Amino acid sequence: MIKNILFDMGGVVFVQDTPEAFRRFRAMGIDTDYYMGAYGQKDFFLELEEGKIDADEFCLRMAKATERPSVSWDEAQYCWLGYVKEVPLNRLHALSRLREHYQVCLASNTNPFIMDYMRSPRFSAERKPISDYFDALYCSYEMKHCKPSSDFFEYILKDGHMKADECLFLDDSRKNVEAAEALGLHGFLVGPDEDWTDRLDTLLQADKHAL
C-alpha cells in the first residue's frame, strides 16, 4: 500500500520552460549545449546541484566561464528562474489534499537559486512558500546527492523512515523513474506538460482497492 508520495519539482510541481532558461544563460555567455545539454547538467552546474559548491562559488565560476568581471546572485538567479513558467494552483491544491492521507515530499535535483524563490511567498499565487505544500523537502544540493543516483533515493528512505514499496515517485525523467523502480519504489512517469492530478487520483484509488 502506498503511504508516501515523492514529487519531482520541474515539470511536475511547476510547468517547466527549458528553452527560456537556456536563452537566459546563453545571453550571459554560457554554452548551454555543454553545461546543460540533453544529458543533464555538467561541470560546475552539476557541482552546484550536488552541493559540492555553493551559490557564491557558482557565480565566480559562471563569471570565469563567460569572461565577465563578475556575475551577481540576482543575475544567476534570473537565469535559473527561466525554468519556472507557471505553478498551477490545481497541482498545489492536489498536494494539500494528498497530505490528508499520505506523507508528501519533494524529491528534486535543484539548487539554492531556485529554492530561494520556492521557499518564499513568490512561489505560489496564494503567497505561500513551497514548504506549505509538502511534509518534507529533499533537495539535491542539501542532500549532496543527485538523481538518478541510488544514493539520492536511499537518503530519502532512511531519513523519512520509509519502506521503498510504500513509496510512489513522480518524475518527468524516465531515467529517474527507472532508478527509483530499481530500488523497489513505485514509479509514475509524468508526460511533457501533463496535468497529472486525475491520473494520480485514479492510481491511488486502485491502490486502495487492491488491499
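Note that the structure is predicted; figures quoted are calculated from it, not measured.

Here's the deal with the pattern of salt bridges
For the coordinates displayed, the defined rule picks out 12 salt bridges. Notably, a salt bridge pairs Arg99 with Asp135, separated by 3.0 Å at the nearest N-O pair. Here Arg99, found in the loop between α6 (89–98) and β4 (103–108), pairs with Asp135, found in the loop between α7 (112–118) and β5 (136–139); they are 36 residues apart in sequence, far enough to count as distant. What makes Asp135 partly exposed here is its relative accessible area of 39%. Several salt bridges share partner residues, and in doing so they unite Asp8, Lys147 and Asp171 into one network.

Some points on the packing of aromatic side chains
Where two aromatic rings form a pair, the distance of their centres and the angle of their planes describe that pair. Going through the model one piece at a time under the given rule, you end up with 19 aromatic pairs. Residues Phe45 and Phe58 carry aromatic rings whose centres are separated by 5.1 Å and whose planes lie at 80° to one another, so their mutual orientation is edge-to-face. Of this pair, Phe45 sits in helix α3 (residues 44–49) while Phe58 sits in helix α4 (residues 55–66); the two residues are 13 residues apart in sequence, bridging distant segments of the chain. Across the pair, Phe58 and Phe45 agree in class, each one buried. Here the aromatic rings of Phe45 and Trp80 are separated by 5.5 Å at their centres, their planes lie at 50°, and the arrangement is tilted.

A look at unusual backbone geometry
Here the amide bond leading from Lys147 into Pro148 is cis, since omega sits at 5°, within 30 degrees of zero. Counting through the fold element by element, Pro148 comes out in the loop between α8 (140–143) and α9 (150–159). The backbone phi angle of Asp43 is positive, close to 60°, even though this residue is not glycine. Its place among the elements puts Asp43 in the loop between α2 (32–35) and α3. Look at Asp43 and you get partly exposed, because its relative accessible area is 31%.

Observations concerning the packing of helix α1 (residues 18–27) against helix α5 (residues 73–80)
Two numbers describe how α1 lies on α5: the axes approach to 7 Å, and their chain directions differ by 145°. In contact with Ala21, Arg23, Arg24 and Phe25 of α1, α5 contributes Tyr78, Cys79 and Trp80. Across the contact of α1 with α5, the residue classes break down as 5 nonpolar, no polar and 2 charged.

Considering the pairing of strand β6 (residues 167–171)
Counting buried residues in β6 gives 5 out of 5 residues, a clear majority hidden from the surface. Residues of β6 alternate between two faces, with Cys167, Phe169 and Asp171 on one and Leu168 and Leu170 on the opposite face, all of them buried. As paired elements, strand β1 (residues 4–7) and β6 share 4 bridges and run parallel to each other. Looking across to β6, one finds that Ile5 is bridged to Leu168. As paired strands, β6 and strand β7 (residues 186–189) are joined by 4 bridges and run parallel to one another. Residue pairing across strands places Leu170 opposite Phe188, the latter belonging to β7. Taking the sense of rotation as the criterion, the β-α-β connection linking β6, helix α10 (residues 174–182) and β7 turns out right-handed.

Describing the nonpolar core
In this structure, Phe7, Phe58, Met62, Met118, Phe134, Leu170 and Trp196 are the most contacted members of the largest nonpolar core, which totals 57 residues. Ignoring any residue separated from it by four or fewer positions in sequence, one finds Phe7 in contact with Val12, Val13, Leu95, Leu98, Val104, Cys105, Leu106, Ala107, Phe134, Leu170, Trp196 and Leu200.

With respect to the sheet that holds β7
Strand pairing in a sheet relies on backbone hydrogen bonds. The paired strands run either parallel or antiparallel. Strand order in the open sheet formed by 5 strands is β5-β4-β1-β6-β7, with parallel pairing between adjacent strands. Two strands in the sheet have a free side with no partner beyond their single neighbour: β5 and β7. Shown here is a sheet whose adjacent strand axes are inclined to one another by a mean of 20°, direction ignored.

Cut-offs and rules
Residues numbered from 1 in each chain as written. Predicted model: local features only at pLDDT ≥ 70, side-chain atom pairs only at ≥ 80, totals over all residues. Heavy atoms only, no water. Salt bridge = Lys/Arg side-chain N within 4 Å of Asp/Glu carboxyl O. Helix = DSSP H or I, 4+ residues; strand = E, 2+ residues; numbered from the N terminus. Buried < 20%, exposed > 50% of the residue type's maximum accessible area, 1.4 Å probe, protein only. Phe/Tyr/Trp six-rings, centres within 6.5 Å; stacked < 30°, edge-to-face > 60°. Axes fitted to C-alpha atoms, helices over the stretch in contact; angles between N-to-C directions. Contact = heavy atoms within 4.5 Å. Nonpolar A, V, L, I, M, F, W, Y, C, P; charged D, E, K, R; others polar. Pairing = 2+ DSSP bridges. Right-handed = clockwise from strand over helix to strand, strands pointing away. Core = buried A, V, L, I, M, F, W, Y, C linked by side-chain atoms within 4.5 Å.

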